[in-house]
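Residue-level listing of the chains:
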Amino acid sequence: MIRKKGNVYKIDTPNTSLVLSTERGVAEVLYYGKLLKAPFEPAAVTDDLSHCRKVFSETGKTDFREPQLRIELSDGSVATDFVLSRIKRGERPSMGDLPASYGEGETLRLEFFDEYARLRYYLAYTVYPDTDVICVTSEIVNCGKKSVRIQKAASLQLDLAGEGFTVVTYDGSWGAERQRHEHTLVAGVFVNESNAGSSSPFHNPFLMLKREGEVYATNLVYSGNHRETVETNSFLQTRLLTGISDVGFCWEVLPGESFVTPEAVMVYAPDEDGVACQMHAFVSEHVIRGKWKRKERPVLYNNWEGTTFAFTREKILSLADRAALMGAELFVLDDGWFGHRDDDHSSLGDWFDYEAKTGGIASLADAIRAKGLKFGIWVEPEMISEDSELFAKHPEFAMKPLRKAGTKMRNQLLLNLADKQVQNYVVRAVSHVIQETKAAYVKWDYNRFFTDPYGKGIASGEYCHRYMLGLYSVLSRLVEKFPSVLFESCASGGGRYDPGMLCFMPQTWASDNTDARERYRIQQGTLQAYPKSTMGAHVSASPNQQSGFLSTLETRFNVASAGVLGYELDLAELTDEELSLIQRQIEFYQANRELLQFGTYYRLDERSGLGGFITVSPDRTKAIAVITANERVTGRGGYAYTLKGLDPSVTYSVTTREQQGYEGTESFLASGETLMNAPLYRPDIMGDRENRFNSIFSRMLVLKKVSMR
Ligand code: DGJ
């Protein structure tokens, strides 16, 4: 709800308030934090206008921190002077080709004008009634007669009072995405950034700023280069900026045109669980759209780790037989079905059947469907191999500078998606694949970064963003054309896990690392920002193909049950006993799917190698907890866990899921209050001696309400 009293605007979400004032001619933030019930009294305003907490900053002023805006005018100067001209409640600004959150909300739009530069700047705050997340969008409009160049336009500036925040970021690489890091900032500038062309596995755009009893978090609805900075100054202030990275960025705005920044989102909560809970609700309700929003996702089988490129039609059909037998609902044919692709050196771009291998992709898809499975297919449409018919015909489609061959990664080049003709080609090619195979699911992969961002006739400072606009336009056309298809985004694993991609694809493959212990850590990082229903999580073979570590089939399932379950291993290698174990796992998952995919998630405390997560139904009558031990310490008698998110006044029956390697099941009654406060000892977490060489141990607890106290 947005309220105005004099020159003070109070933007309330269910649990937070953001108070802005225009009292002194500038737009400043007076307060951001927990909900203030009474109207705000602007008593606590700092005297010093040049160091007040402004809603945005620009170059040319005495504030020497990183600014939100740096715009070069036609006279060569970069000193802008935006003056507040209007504040209006009303519509959200149009986002053009950029994805953004959606829903019935309220918007407060601030309008600034620079008389000399003839530039208008709109800054809009949007709130929805069901979430504490506040969305921020902005637009720079050139009302003059000469063009200007935007050198930097961050989407959001969050100026906070005080310092000593701990910055929490999620960083990594292929196979180790979204590893949590904490940095306590007392002076200077902290940077979290990607210039790899995508949001990247290196530094996710989501971050948190933490202090005792308060956590601020931001994210960016964007999948390209991004930059977040956190800066403290000696006036006891902390500034967070998030937006498109300004490294190499320079965007010309012609007279009469405008530039829209990607939507940024921010949230305040008293603790990290509150942030996760709000971010999940926001993404589920205002980012994920279409048929699959809130719809239970199928359990899939994917052949990649089982066969890689080396499959035949017969092998795929025998895998499908076993996948159907074990209870999977969707069969995903991964890389290697097109062109003449037998390894990663060829065929990207040739999205037509490798008939000698598949025996006819359309009939293969039909044969899989005849076994009672839905059919899904892998594509990597943003790429081109030099060894492809597409490259022979259209070498100009590749993204590479004219003077050299182009740096290859995984032996491939990117397509120049900034170009309309290339966009049209991708839409046509992918449409054909979906139509020919009648695919119910598409895994959209993306296996390299930008090294030579270049497109003929496109200014280098605009290229990376123009690529993203091209990609988004392709995705919106495809999603509109195939509204029933479930799209899963992938980027060499989880290299492009961001709210921008989630606007088009309700799922993201979290990582190529399926080792239970390492995957657990990747998932815990991912789930701080993104809901479980968005996270593809598969059970694979042990020893794990990536890490070589061992884990039991039961623990692999327990870990994967935190997301959208899949299996990805050679099913021919399973014993009958393992196959029937998997059948039971899938039955259990299906029976509890609503809770596992859409329940409220809490990370359980991670101390001394212990951890886990719990998912709780909205009415708190049901919950499933997975408790883990990530190290085995000889002589350690007890492993203690406290749960979260339960109703303290409810008595729950707590039952251990029957797990191979553990003796029987155990059931006991306990109140939510006890379970959340008194440590629950599980000396048996390791299971029997057969388990002892594993790298992670786990048990699953199923909680059901028995009575109220
Ligand atoms: C990378 C993906 O993350 C894998 O799951 C698999 O699809 C391969 N690409 C196929 O090339």
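Residues numbered from 1 in each chain as written. Predicted model: local features only at pLDDT ≥ 70, side-chain atom pairs only at ≥ 80, totals over all residues. Heavy atoms only, no water.

Explain the overall build of the protein to me, and be specific about the residues and the numbers.
For the protein, the count of helices and strands is 14 helices and 38 strands. On C-alpha atoms alone, the protein measures out to a radius of gyration of 26 Å, which is about the 27 Å that the 2.2 N^0.38 rule sets for 709 residues. Here the protein, with 709 residues, has 62% of them falling under the buried criterion. Contacts spanning at least 24 positions in sequence make up 70% of the contacts within the protein whose residues lie at least 6 apart. Entry remark: accessible area of the protein is about 25,800 Å², with carbon and sulfur atoms responsible for 51%. (Helix = DSSP H or I, 4+ residues; strand = E, 2+ residues; numbered from the N terminus. Rg over C-alpha atoms; globule rule 2.2 N^0.38 Å. Buried < 20%, exposed > 50% of the residue type's maximum accessible area, 1.4 Å probe, protein only. Contact = heavy atoms within 4.5 Å. Areas by Shrake-Rupley, 256 points an atom, 1.4 Å probe, with all protein chains shown as cover.)

Hey, could you go over unusual backbone geometry for me, with residue numbers and the actual values?
In this structure, the amide linkage connecting Ser-542 to the following residue, Pro-543, adopts the cis form with an omega of 0°. Its location among the elements puts Pro-543 in the loop between β29 (535–539) and α11 (553–560). Non-glycine residue Arg-118 carries a positive phi angle of around 55°. Checked against the element boundaries, Arg-118 lands in the loop between β7 (106–114) and β8 (119–127). Backbone geometry at Arg-178 places phi at a positive 50°, although glycine is not the residue there. Its location among the elements puts Arg-178 in the loop between β11 (166–171) and β12 (179–184).

Hey, could you go over the sheet that holds strand β27 (residues 486–489) for me, with residue numbers and the actual values?
Taken in spatial order, the 8 strands of this closed barrel run β21-β22-β23-β26-β27-β28-β29-β30, and their pairing is parallel. Averaged over neighbouring strand pairs, the angle between their axes works out to 30° when direction is ignored. Alignment of strand β22 (residues 330–333) against strand β23 (residues 374–379), held across 4 bridges, turns out to be parallel. Bridge assignment links Val-332 to a residue of β23, and that residue is Gly-376. Against the sheet, helix α5 (residues 361–370) touches β22 and β23, its axis set at about 140° to β23. (Pairing = 2+ DSSP bridges. Axes fitted to C-alpha atoms, helices over the stretch in contact; angles between N-to-C directions.)

Tell me about the packing of aromatic side chains, residues and numbers included.
Applying the stated criterion to the full structure yields 28 aromatic pairs. Considering the side-chain rings of Phe-112 and Tyr-121, the 6.0 Å spacing of their centres and the 35° angle between planes classify their relative orientation as tilted. Residue class for Phe-112 comes out buried when judged on its relative accessible area of 2%. When the ring of Phe-338 is compared with that of Trp-351, the centres are 4.3 Å apart and the planes differ by 40°; the resulting orientation is tilted. Of this pair, Phe-338 sits in the loop between β22 and α4 (355–358) while Trp-351 sits in the loop between β22 and α4, placing them 13 residues apart in sequence. One exposure class covers both Phe-338 and Trp-351, and it is buried. Counting every residue linked through ring pairs, the aromatic cluster contains Tyr-32, Phe-165, Tyr-216 and Tyr-268. Its guanidinium or amino end placed over the ring of Tyr-446, Arg-496 lies 3.9 Å from that ring's centre, counting from NZ or CZ. The ring of Phe-588 carries the charged tip of Arg-657 above its face, separated from the ring centre by 5.6 Å. (Phe/Tyr/Trp six-rings, centres within 6.5 Å; stacked < 30°, edge-to-face > 60°. Lys NZ or Arg CZ within 6 Å of the ring centre and 35° of its normal.)

Kindly report on the site of the ligand, identifying the contributing residues and their values.
Around the ligand sit 13 residues, and of these Asp-334, Asp-335, Lys-443, Asp-445 and Asp-512 come closest. Here an oxygen atom of the ligand sits 3.0 Å away from a polar atom, N or O, in the side chain of Trp-378. Asn-447 is positioned such that a nitrogen or oxygen atom in its side chain is 3.5 Å from a nitrogen atom of the ligand. Considering the ligand on its own, with 290 Å² of exposed area, one finds that the protein chains cover 98% of that surface. (Near = heavy atom within 4 Å. Polar contact = N/O pair within 3.5 Å; in protein donor to acceptor, adjacent residues only side chain to side chain.)

Please set out helix α7 (residues 420–437) residue by residue, giving values where relevant.
Taking 1.5 Å per residue as the helical rise, α7 with its 18 residues ought to reach 26 Å, and the 26 Å between its terminal C-alpha atoms agrees with that figure. All buried positions along α7 are accounted for by Val-422, Gln-423, Tyr-425, Val-426, Val-427, Ala-429, Val-430, Ser-431, Val-433, Ile-434 and Thr-437. Buried-residue contacts for α7 involve α5, β23, α6 (389–393), β26 (441–444), α8 (460–481) and β27. Two to three positions downstream of the cap, the backbone nitrogen of Gln-421 sits 2.8 Å from a side-chain oxygen, assigning the N-cap of α7 to Asp-419. Following α7 by one or two positions, Lys-438 adopts a phi angle in the positive range, close to 50°. (Expected span 1.5 Å × (residues − 1).)

With reference to specific residues and values, describe the pattern of salt bridges.
All told, the structure shown has 47 salt bridges when counted by the stated rule. Across the salt bridge formed by Asp-246 and Arg-227, the nearest N and O atoms sit 3.5 Å from each other. Of this pair, Asp-246 sits in the loop between β17 (237–244) and β18 (251–253) while Arg-227 sits in strand β16 (residues 226–233), and the two are 19 residues apart along the sequence. For Arg-227, a relative accessible area of 15% corresponds to the buried category. Linking Asp-366 and Arg-369 is a salt bridge whose minimum nitrogen-to-oxygen distance equals 2.9 Å. Separated by 3 residues within a single helix, Asp-366 and Arg-369 lie in helix α5, roughly one turn from each other. Classification of Arg-369 by relative accessible area gives partly exposed; the value is 25%. Beyond isolated ion pairs, a larger network of salt bridges with shared partners links Glu-66, Arg-70, Lys-152, Glu-193, Arg-227 and Asp-246. (Salt bridge = Lys/Arg side-chain N within 4 Å of Asp/Glu carboxyl O.)

Explain the state of the cysteines to me, using residue names and the numbers behind them.
Using the criterion set out here, one finds 0 disulfides in the structure. No disulfide involves Cys-277; its nearest neighbouring cysteine sulfur is the one of Cys-135, lying 16 Å away. (Disulfide = S-S within 2.5 Å.)

Would you mind going over the sheet that holds strand β3 (residues 16–21) in detail, with residue names and values included?
In space, the 4 strands of this open sheet follow the order β1-β2-β3-β4, with antiparallel pairing throughout. Each edge of the open sheet is held by one strand with a lone partner, namely β1 (2–5) and β4 (28–34). Neighbour-to-neighbour, the strand axes of the sheet open up by a mean angle of 15°, direction not taken into account. In the sheet, β3 pairs with β4 via 6 bridges, with the strands oriented antiparallel. Across the sheet, residue Leu-20 finds its bridge partner in β4, namely Val-29.

Kindly report on helix α3 (residues 313–326), identifying the contributing residues and their values.
With 14 residues, α3 ought to run about 20 Å at 1.5 Å a step, and its terminal C-alpha atoms sit 20 Å apart, in line with that. Within α3, burial applies to Arg-313, Ile-316, Leu-317, Leu-319, Ala-320, Ala-323 and Met-326. Gly-327 occupies a position one or two residues after α3 and carries a positive phi of about 105°.

Pulling in residues and values, what's your account of the environment of Tyr-170?
Along the chain, Tyr-170 turns up in strand β11. Each C-alpha atom, one on Tyr-170 and one on Glu-182, is 9.0 Å from the other, the two residues being 12 residues apart in sequence. Excluding residues within four positions of it along the chain, Tyr-170 makes contact with Arg-178, Gln-179, Arg-180, Phe-202, His-203, Asn-204, Phe-206, Met-208, Gly-525 and Gln-528. A distance of 3.3 Å separates the side chain of Tyr-170 from the side chain of Arg-180, its partner in a polar contact.

Quick rundown of the environment of Leu-595? Include the residues and the values.
Mapping Leu-595 onto the fold places it in helix α13 (residues 593–598). With 380 residues separating them along the chain, Leu-595 and Val-215 place their C-alpha atoms 27 Å apart. Those residues in contact with Leu-595, other than ones at most four positions away along the chain, are Lys-532, Thr-615, Val-616, Ser-617, Lys-622, Ala-623 and Ile-624.

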